[in-house]
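Notes for the structure review
The primary structure of each chain is shown beneath.
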Amino acid sequence: VTSGFAPLSSRIIQAMTLGTSPMDEVAKVVGFDYSEVPQPICQTAQKNLILVVFVGGLTYMEIAAIRLIEKQNPDIEFVFMTTNMVNSSTILKSIVDDVIPKK
């Protein structure tokens, strides 16, 4: 997940689990400087619960990458909320629909 090819969303979530700034990950990918005051992750009595919200869709690869992060950090649990589940077919269909006008 830490390779340069990992989805940006997975890298941001991994940064949160490691206690580093998610915006630092965005800054690395986009190429700008960023600094902030660290904020603790919301804690519960037994596990840290992180709500991950995706507007526009979530891929199964992103879920798999985040679940791998969850396995590496047993004290953290992720809950996903998204507007849509997407795959290669739905992404290509949305591109084609935008390019080819409907009659």
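Below you will find a few notes about this structure. (Residues numbered from 1 in each chain as written. Predicted model: local features only at pLDDT ≥ 70, side-chain atom pairs only at ≥ 80, totals over all residues. Heavy atoms only, no water.)

Notes on the pairing of strand β1 (residues 48-54)
Residue alternation in β1 divides its side chains into a buried set, N48, I50, V52 and F54, and an unburied set, L49, L51 and V53. In this sheet, strand β3 (residues 76-82) lies alongside β1 in parallel orientation, the contact comprising seven bridges. From the neighbouring strand, I50 faces β3, where its bridge partner is F78. (Buried < 20%, exposed > 50% of the residue type's maximum accessible area, 1.4 Å probe, protein only. Helix = DSSP H or I, 4+ residues; strand = E, 2+ residues; numbered from the N terminus. Pairing = 2+ DSSP bridges.)

A word on the side chain of E70
Turning to its location among the elements, E70 is positioned in helix α3 (residues 60-72). A residue is classified by how much of its surface remains accessible, and E70, at 17% relative accessible area, is buried.

Concerning the nonpolar core
For soluble globular proteins, nonpolar side chains are generally found buried alongside one another. I13, I50, V52, F54, L58, I66, I69, I76 and F78 form the largest nonpolar core, which has nine residues in total. Taken together, the elements giving at least two residues each to this core come down to β1, α3 and β3. Ranked by residue count, the leading element in this core is β1, at three residues. Setting aside anything within four residues of it in sequence, one finds I66 in contact with S10, I13, F54, F78 and F80. (Core = buried A, V, L, I, M, F, W, Y, C linked by side-chain atoms within 4.5 Å. Contact = heavy atoms within 4.5 Å.)

Let's talk about the environment of E77
Note that E77 resides in strand β3. A C-alpha to C-alpha distance of 8.7 Å links E77 and L51, two positions 26 residues apart in sequence. Not counting the four nearest positions on each side in its chain, E77 is found in contact with K47, N48, L49, I50 and E70.

Re the pattern of salt bridges
A complete count under the given rule lists two salt bridges for this structure. A salt bridge links R67 to E70, with the nearest nitrogen and oxygen atoms 2.8 Å apart. Here R67 and its partner E70 are both found in helix α3, three residues apart, which amounts to about one turn of the helix. For R67, a relative accessible area of 31% translates into the label partly exposed. D97 is the partner of K93 in a salt bridge, and the nearest nitrogen-oxygen pair spans 2.9 Å. Of this pair, K93 and D97 are both found in helix α4 (residues 88-99), four residues apart, which corresponds to roughly one turn of the helix. (Salt bridge = Lys/Arg side-chain N within 4 Å of Asp/Glu carboxyl O.)

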